[in-house]
Amino acid sequence: MNILAIIGSPKGKGSGFAIVKRIEEEMQQSGPVNFDYLFLKDADLKMCRGCFLCVTRGKELCPLKDDMAEIERRIEEADGIILSSPGYVYSVSGLVKNFMDRFAWTNHRPAFFRQKLMLLANAGAGMHKTLETMRNCFGAGLEIAAELSFMTPPWPLSEKVNRKQERILKKKVQAFLQALEKPAYGEPSLGNYIRFRFFREIAESVKEYLPADWEYYRDKEQYFYPVRVGAGKRLAARLSVATGLALMKDMAPAERI
Ligand SMILES: Cc1cc2nc3c(=O)[nH]c(=O)nc-3n(C[C@H](O)[C@H](O)[C@H](O)COP(=O)(O)O)c2cc1C
């Protein structure tokens, strides 16, 4: 089993890294696992310039020449991904934000389905906000198998709290391991299915503005990959997408109103 641990602290080996090392130790107890560490502070991943070409016309048009393709390959080869960010002003670190921006096209056109994702946020407080941002990292498709919120204030915590955090870490590692054992390309969660239907609908209705999206979705009728989706989920998604689109009607191109 291959795990890619993406470390988003500008310190590199700070407290987030120490927690990921604990996760690694815990996982190794359940069987052999290969850990590959990607320190964003050392990666040549340039700042997104905001041209938006990756989203509108295709990621191959990104003008930045750096480690992006290599990072994509490492994600593709992994079975599980751990994305770790310190909480910075109730959000993610700048390194993680830029990482997410560089992968913004996966929010429109998901690319990773086989991998299971574990999110880790560490700070003194407000980690739920950090996790909220991180959930959008790769868009729909891949399953978020576990989310770990870990307190790391600049002072020592009591033994009782340390034991509690350790118990939670072990529980989250088990959830991650269980998800990693599940077969890939299973029936999507309702959330991922709704996102698929929603983005497909938008892609079709503004195909002249987002041609890369329509190119991606036009032959995907059921889901991102061939799979049976239950009738209940299909109905719930239809209602949810119809409501979402009605609420967003002002966003339609001027010539359609
Ligand atoms: C720019 C910056 C902003 C931060 N913002 C917050 C914050 O909003 N809330 C908080 O509890 N800690 C905040 N922190 C503290 C870090 O989250 C904390 O030190 C964390 O343990 C660092 O993790 P690391 O060692 O993995 O880098 C901030 C630190 C920095 C450098």
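The structure this text deals with has already been given above.
First, a word on what this report is: a plain description of the structure on this page. (Residues numbered from 1 in each chain as written. Predicted model: local features only at pLDDT ≥ 70, side-chain atom pairs only at ≥ 80, totals over all residues. Heavy atoms only, no water.)

Glancing now at the packing of aromatic side chains. Considering all chains together, one arrives at 24 aromatic pairs under this definition. Judged by centre distance (4.9 Å) and plane angle (45 degrees), the ring pair of Phe99 and Phe103 falls under tilted. Here Phe99 matches Phe103 in class, with each residue buried. Ring centres of Phe113 and Tyr225 lie 5.6 Å apart, and the angle between their planes is 70 degrees; on these two criteria the pair is classed as edge-to-face. (Phe/Tyr/Trp six-rings, centres within 6.5 Å; stacked < 30°, edge-to-face > 60°. Buried < 20%, exposed > 50% of the residue type's maximum accessible area, 1.4 Å probe, protein only.)

What follows covers the packing of helix 1 (residues 15-28) against helix 7 (residues 159-181). Running from amino to carboxyl end, helix 1 crosses helix 7 at an angle of 60 degrees, the nearest separation of the two axes being 10 Å. With respect to each other, helix 1 and helix 7 are oriented oblique. At the point where helix 1 passes helix 7, the crossing takes the right-handed sense. Contacts from Ile19, Arg22, Ile23, Glu26 and Met27 in helix 1 reach Glu166, Leu169, Lys170, Val173, Phe176, Leu177 and Leu180 in helix 7. (Axes fitted to C-alpha atoms, helices over the stretch in contact; angles between N-to-C directions. Helix = DSSP H or I, 4+ residues; strand = E, 2+ residues; numbered from the N terminus. Parallel < 35°, antiparallel > 145°, perpendicular 65-115°, else oblique. Left-handed = near helix turned anticlockwise from the far one by under 90°. Contact = heavy atoms within 4.5 Å.)

Counting 33 residues, the largest nonpolar core has Ile75, Phe99, Phe103 and Phe138 as its most contacted members. Broken down by secondary-structure element, the contributors of at least two residues to this core are strand 1 (2-7), helix 2 (53-56), helix 3 (68-77), strand 3 (80-86), helix 4 (94-102), strand 4 (116-123) and helix 6 (127-134). Considering each element in turn, this core owes the most residues, 4 residues, to strand 4. The contacts of Phe138, once residues within four sequence positions are left out, are Ile75, Ile81, Phe99, Phe103, Thr106, Phe112 and Leu117. (Core = buried A, V, L, I, M, F, W, Y, C linked by side-chain atoms within 4.5 Å.)

Once that is clear, we can look at the pairing of strand 1. Judged by how many residues are buried, strand 1 sits mostly within the fold: 5 of 6 residues are covered. Note that strand 1 and strand 2 (residues 34-39) share 6 bridges and pair parallel. Directly across from Ile3, in strand 2, lies its bridge partner Phe35. Read as a crossover between parallel neighbours, the route from strand 1 over helix 1 to strand 2 is right-handed. The sheet contact formed by strand 1 and strand 3 spans 5 bridges and is parallel. Across the sheet, the residue bridging to Ile3 is Gly80, located in strand 3. (Pairing = 2+ DSSP bridges. Right-handed = clockwise from strand over helix to strand, strands pointing away.)

We now examine the site of the ligand. Not every one of the 15 residues close to the ligand is listed here, only the nearest: Ser9, Ser15, Gly16, Gly87 and Thr152. Lys11 is positioned with one of its side-chain polar atoms (N or O) 2.9 Å from an oxygen atom of the ligand. Bound to the protein, the ligand loses 67% of the 650 Å² it would expose on its own. When residues of the shell around the ligand are traced back to their parent elements, those giving at least two are helix 1 and strand 4. (Near = heavy atom within 4 Å. Polar contact = N/O pair within 3.5 Å; in protein donor to acceptor, adjacent residues only side chain to side chain. Areas by Shrake-Rupley, 256 points an atom, 1.4 Å probe, with all protein chains shown as cover.)

Once that is clear, we can look at unusual backbone geometry. Note: most peptide bonds trans; most residues except glycine with negative phi. With a phi angle near 45 degrees, Val89 is a residue other than glycine that sits in the positive phi range. By secondary structure assignment, the location of Val89 is in the loop between strand 3 and helix 4. Looking at Val89, the relative accessible area reads 77%, which means it is exposed.

Okay, the sheet that holds strand 2 next. One open sheet accounts for 5 strands, arranged 2-1-3-4-5; its pairing is parallel. Both edges of this open sheet fall to strand 2 and strand 5 (143-151), since each of them pairs with a single strand only. Taking each pair of neighbouring strands and ignoring which way they run, the sheet shows an average axis angle of 15 degrees. Packed onto the sheet, helix 6 meets strand 3, strand 4 and strand 5 and runs at close to 150 degrees relative to strand 4.

Glancing now at the side chain of Glu24. With respect to the element layout, Glu24 can be found in helix 1. A distance of 3.1 Å separates a polar atom in the side chain of Glu24 from a polar atom in the side chain of Lys21. Discounting residues that sit within four places of it in the chain, Glu24 has contacts with Phe35 and Tyr37.

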